[in-house]
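Notes for the structure review
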Amino acid sequence: MELQQILLEKNVPCKMRDGVTLYSDIYRPHREGKFPVLLTRLPYNKDLPLYSHRYLDTNRLVQNGYIVIVQDVRGRFNSEGDFYPFMYEAEDGYDTVEWAANLPDSTGEVGMFGLSYYGFTQLLAATERPPHLKAIAPAMTLTDWRNDSVENNGKYMVGSTETWALESVAPDQIRRKYQDTEQYNSMMMKMAQYYNELEDWYQYKPMKDWPPLKELGVAEFFYDFIQNRLTTEQYNKMSISEKFEKIDVPAYHIAGWYDNFLNTTIHNFSELSKKRNGHLQKLIVGPWAHGVFQSVLGERNFGVHASADWIDYKEDLTGLHIRWFNHWLKNEPDGFEEEAPIKLFVMGINEWRDEFEWPLARTAYTPFYLHSNGNANSRFGDGSLSVDQPLSEKEDSFIYDPSKPVPTNGGGTLFTGTNTTGPLDQRELEEREDVLVYSTDTLTESLEVTGPVKVKLWVKTDVLDTDFTAKLVDVTPEGKAIHLLDGITRVTYRDGDKQAENIVNQVVEIEIDLWATSNVFLTGHSIRLEISSSNFPRYDMNLNTGKTMMDSTEMKIATQTIYHQEDYPSHIVLPIVKKQKI
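As a starting point, this report considers the structure included with it. Please read these numbers as outputs of a predicted model, since none were measured by experiment.

**Some points on the overall build of the chain**
- Each helix and strand counted, the chain has 13 helices and 25 strands in total.
- Taking 2.2 N^0.38 as the reference for a compact globule, 582 residues should give roughly 25 Å; the C-alpha atoms of the chain span a radius of gyration of 25 Å, in line with that estimate.
- Dimensions of the chain along its principal axes, counting C-alpha atoms only, are 80 × 65 × 40 Å.
- Counting the 582 residues in the chain, one finds 61% classified as buried.
- Restricting to contacts in the chain with at least 6 residues of sequence separation, those with at least 24 account for 74%.
- Just so you have it, the chain exposes about 23300 Å², and 47% of that area is on carbon and sulfur atoms.
- When the 58 positive and 86 negative side-chain charges of the chain are each reduced to one mean point, those points stand 2 Å apart.

So this is what it looks like as structure tokens:
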């Protein structure tokens, strides 16, 4: 392809239906002709290449015959209006798509791309069915703003919620609110100080009075969400959970095994794939974290072919987007209908593999049962894990003190601080007495686990409400305990909605959803399950009083009991996939 020039038009106005003007940067090929449009709409400043171009080479998109439009969403940076997360993105997305389709150099064919927030702007716009929107490529995104980012089944996502509001939203809102230079500088200095101390501020209770945003006077939506102050209609504007039937475009969903939106991205793909006579849906899941598409993550090196720059030694992520949009916006045959709809990276053996359904039809869901003599506390205890069902065994117990929660150490997270993301070694945490550890014998042959993972426990507590956590770990021959998955259940929300019955000193059955993975436990490795009651600050610490960090400071220490007996066969269900015969 010969070298081409790119024309950049800055701050082009686009008026919404209510008169608010949003501003976009438009990148055009410097040659005659009309071109399809690729649009992304983000709240993180279209002028910053880190965010506006992120994981794609947008110059290549233009050089391949596209007009690329990057727009500041309502109330952010150059665009007018008031910002409220996702409240206006469906209607504004529709209006922007139709405006883009009618630009002088546009063919009228529009696609959308983007990650996280600007992955969700695509899906919300698609629910409005703009006539000229032909395809989307939502990466690492959500289904429902509140339930996926703020709170889920009674558990507040402290780290990600507070980090996002302070780090990503507050600076521009401070700029807009404080026009006096001296006052602006003072507030920005204060914001920076809060951010530098953010790991300490995660501990603050009650959350409804969280000082950093209150003292800065910005991001009021944070308090609306944690106190449930919005109407059902307002919440519905920020969700697609009941709108999948309205989305009528092909979509290429991009996910990562260590992304905080892994579950929702797979859910979106699965739900849209169920639609009768629906458009083609594709899914790729790499060994990636949120917005991180590298081959090395945490303490694992997955090989250069794992990175977005060289997927399966064949193409990079930008090239994949070009093929996708060429197919739908230029009517170029690229074989997408013939290809498998799913491409998964299988960790452990570090290979890409094509699949035709999710979960895999050939999966054998296999329970691995907890065992011990009542002393599974820490990795030095006697906890074990096997396919043998328990008969008569002594239960395990531990003390959960909310003032000393088990710290988050890796996994699919999104917040600032140390040891927050990816496949990290858990051995230090496994020395704690409030972490129960159950391990299989050393594997004599490799075992593949691909699919959703759930833990079923029979538990007892001596407090009004509490949490139980679970973590799946791959233990190497050297003893490293590498994080794969984790999950949490609040006991009073064990069936989704809050239950009112008394749970004190009652044996209760709970299920913990660990989401999904694809990992081969290699010969010489072992499979490990950790059980505890906290994973902070990924989730709020349960105060054990029936109240939450949102509105209370009072805490109680809980005695937690895990049963593994014939009548209470606590176990983890692993989706075992046998080797395919060639």
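**Some points on the sheet that holds strand E3 (residues 35–42)**
- Judged by pairing direction, the sheet is mixed, and its 10 strands sit side by side in the order E1-E2-E4-E3-E5-E6-E9-E10-E13-E14 without closing on themselves. Where the open sheet ends on each side, the last strands, each with one partner, are strand E1 (6–15) and strand E14 (351–355). Ignoring which end each strand starts from, the neighbouring axes of this sheet average 20° apart.
- Of the strands in this sheet, E3, strand E5 (106–115) and strand E6 (133–139) are in contact with helix H4 (residues 117–127), which crosses E5 at around 135°.

**A word on the pairing of E14**
- Where strand E13 (residues 342–346) meets E14, five bridges bridge the pair, whose relative direction is antiparallel. Within E14, the residue paired with Leu344 across the bridge is Arg353.
- Counting the residues that bridge the hairpin from E13 to E14 gives four residues, and of these Gly348 lies at a positive phi of roughly 90°.

**Describing helix H7 (residues 181–196)**
- Under the 1.5 Å per step criterion, the end-to-end length of H7 is 22 Å for 16 residues, consistent within 8% with the ideal 22 Å.
- Residues of H7 that are buried include every one of Met187, Met191 and Tyr194, and no others. For H7, the arc enclosing every buried residue in end-on projection is 60°, short of the 170-degree limit, so these residues lie on one face. Summarising the geometry of H7, the exposed residues directed more than 90 degrees from the buried face are Thr181, Glu182, Met189 and Asn196.
- The secondary structure elements touched by the buried residues of H7 are helix H6 (158–177), helix H8 (198–201) and helix H9 (211–216).
- Its side-chain oxygen 3.2 Å from the backbone nitrogen of Glu182, Asp180 forms the N-cap of H7.

**Digging into the pattern of salt bridges**
- For the structure on display, the rule yields 41 salt bridges.
- Asp92 is paired through a salt bridge with Arg74; the nearest N and O atoms lie 2.9 Å apart. Highlighted residues: Asp92 in helix H3 (residues 89–101) and Arg74 in the loop between strand E4 (67–72) and H3, separated in sequence by 18 residues. Considered together, Asp92 and Arg74 belong to a single accessibility category, that of buried residues.
- Taking the shortest distance from any N to any O, the salt bridge between Glu430 and Arg528 comes out at 2.6 Å. Of the two residues, Glu430 is situated in the loop between strand E17 (396–400) and strand E18 (436–439) and Arg528 in strand E23 (residues 526–532); the sequence distance between them amounts to 98 residues.

**Focus: a nonpolar patch on the surface**
- Where nonpolar side chains cluster on the molecular surface, the patch consists of Val304, Trp310 and Tyr313 and spans about 330 Å² of accessible area.
- Structurally, Val304 can be placed in the loop between strand E12 (300–301) and helix H13 (317–329).

**Focus: H13**
- The terminal C-alpha atoms of H13 lie 18 Å apart, and with 13 residues this matches the ideal 18 Å at 1.5 Å per residue to within 8%.
- When H13 is considered as a whole, its buried residues turn out to be Leu317, Thr318, Gly319, Leu320, His321, Ile322, Trp324, Phe325, Asn326, His327 and Leu329.
- Along its buried surface, H13 packs onto E3, helix H2 (58–63), E5, E6, strand E9 (251–258) and strand E10 (281–289).
- Where H13 terminates, the next one or two residues include Asn331, which has phi positive at roughly 60°.

**Focus: the nonpolar core**
- The biggest cluster of nonpolar side chains holds 164 residues, and the ones touching the most others in it are Leu213, Trp257, Ile562 and Ile572.
- Those residues in contact with Ile562 that sit more than four places away from it in its chain are Leu370, Glu395, Asp396, Phe398, Leu436, Tyr438, Leu457, Trp458, Val459, Phe468, Ile531 and Ser570.

**Some words on the packing of aromatic side chains**
- Applying the stated rule across the entire model yields 31 aromatic pairs.
- An aromatic cluster of three or more residues is present, and its members are Tyr44, Phe83, Tyr84, Phe86, Tyr117, Tyr118, Phe120, Trp145, Trp164, Phe221, Phe225 and Tyr235.
- Geometry around Tyr66 places Lys330 over its ring, the cationic atom sitting 4.3 Å from the centre.
- Here the basic side chain of Arg538 rests over the ring of Trp515, its NZ or CZ set 5.5 Å away from the ring centre.

**Let's talk about the pairing of strand E24 (residues 558–563)**
- With five of six residues buried, E24 lies mostly within the body of the structure.
- Here E17 runs beside E24; their pairing, made up of five bridges, is antiparallel. The residue bridging Tyr400 from the neighbouring strand is Ala558, located in E24.

**Some details on the packing of H3 against H4**
- It is the contact of H3 with H4, at a shortest axis distance of 7 Å, that shows an interaxial angle of 80°. On the basis of their axis angle, the class for H3 and H4 is roughly perpendicular. Contacts between H3 and H4 involve Glu89, Ala90, Gly93 and Tyr94 on the former and, on the latter, Tyr117, Thr121, Leu124, Ala125 and Thr127.

**Overview of the packing of H6 against H7**
- At a closest axis distance of 10 Å, the pairing of H6 and H7 adopts a crossing angle of 170°. It follows from the interaxial angle that H6 and H7 lie roughly antiparallel. Contact residues: Leu166, Glu167, Ala170, Pro171, Ile174 and Arg175 in H6; Tyr184, Met187, Met188, Met191, Tyr194 and Tyr195 in H7.
- A class-by-class count of the residues in the contact of H6 with H7 yields 10 nonpolar, no polar and two charged.

**Section: unusual backbone geometry**
- Residue Pro206 follows Lys205 across a cis peptide bond; omega there is -5°.
- A cis geometry characterises the amide bond from Trp358 onward to Pro359, with omega recorded as -10°.
- Along the chain, Pro359 turns up in the loop between E14 and strand E15 (364–371).
- The backbone of Phe77 sits at a positive phi, close to 55°, despite the residue not being glycine.
- When you line up the elements, Phe77 lands in the loop between E4 and H3.
- One non-glycine residue, Ser378, lies in the positive phi region at around 70°.

Cut-off values and rules
The numbering scheme is per chain: residues are counted from 1 as the chain's sequence reads. Where totals are concerned, whole chains, interfaces and linings use all residues; where local detail is concerned, this predicted model gives features only for residues with pLDDT of at least 70, and gives and counts side-chain atom pairs only at 80 or more. Hydrogens and waters are ignored; side-chain quantities use all the structure's heavy atoms. Numbering of helices and strands runs from the N terminus; a helix is a DSSP stretch of H or I covering at least four residues, while a strand is a stretch of E covering at least two. Two things to know: the radius of gyration comes from C-alpha atoms, and the globule rule equals 2.2 Å times the number of residues to the power 0.38. Relative accessibility thresholds used throughout: buried, under 20% of the residue-type maximum; exposed, over 50%; partly exposed, between the two (1.4 Å probe, protein chains only). By the convention used here, residues are in contact when the closest approach between their heavy atoms is within 4.5 Å. To be clear on the numbers: accessible area is Shrake-Rupley with a 1.4 Å probe, and residue cover counts the displayed protein chains and nothing else. For the purpose of counting charges, residues Lys and Arg are taken to be positive, whereas Asp and Glu are taken to be negative. His and the chain ends are not included. Charged groups are reduced to one reference atom each: NZ for lysine, CZ for arginine, CG for aspartic acid, CD for glutamic acid. Whether two strands pair comes down to DSSP finding at least two bridges between them. Only the stretch in contact is used when fitting a helix axis, every axis being a line fitted to C-alpha atoms; angles between N-to-C directions are given from 0 to 180 degrees. In a helix, the anticipated span is given by 1.5 Å times the number of residues less one. Throughout, the arc means that of the directions going from the helix axis to the C-beta atoms. Under the rule applied, a polar contact is a pair of N or O atoms within 3.5 Å (in protein, one hydrogen donor and one hydrogen acceptor; residues adjacent in sequence only if both atoms are side-chain atoms). We define a salt bridge as a contact between a side-chain nitrogen of Lys or Arg and a carboxyl oxygen of Asp or Glu at a distance within 4 Å. Residues enter patches when they are more than 30% accessible in relative terms and free of salt bridges; like-charged ones are connected within 9 Å and nonpolar ones (Val, Leu, Ile, Met, Phe, Trp, Tyr) within 5 Å. Here, nonpolar core means buried Ala, Val, Leu, Ile, Met, Phe, Trp, Tyr and Cys residues that are tied together by side-chain atoms lying within 4.5 Å of each other. Between the rings of Phe, Tyr and Trp (Trp by its six-membered ring), a pair exists once the centres lie within 6.5 Å; its type follows the angle of the planes, with under 30 degrees stacked, over 60 edge-to-face, and the other angles tilted. A positively charged side chain is recorded as over a ring if its NZ (Lys) or CZ (Arg) lies within 6 Å of the ring centre. The angle to the ring normal must also be within 35 degrees. Should an angle fall under 35 degrees it is called roughly parallel, over 145 degrees roughly antiparallel, and 65 to 115 degrees roughly perpendicular, with every other angle called oblique. Classification convention: Asp, Glu, Lys, Arg as charged; Ala, Val, Leu, Ile, Met, Phe, Trp, Tyr, Cys, Pro as nonpolar; all other residues, Gly among them, as polar.

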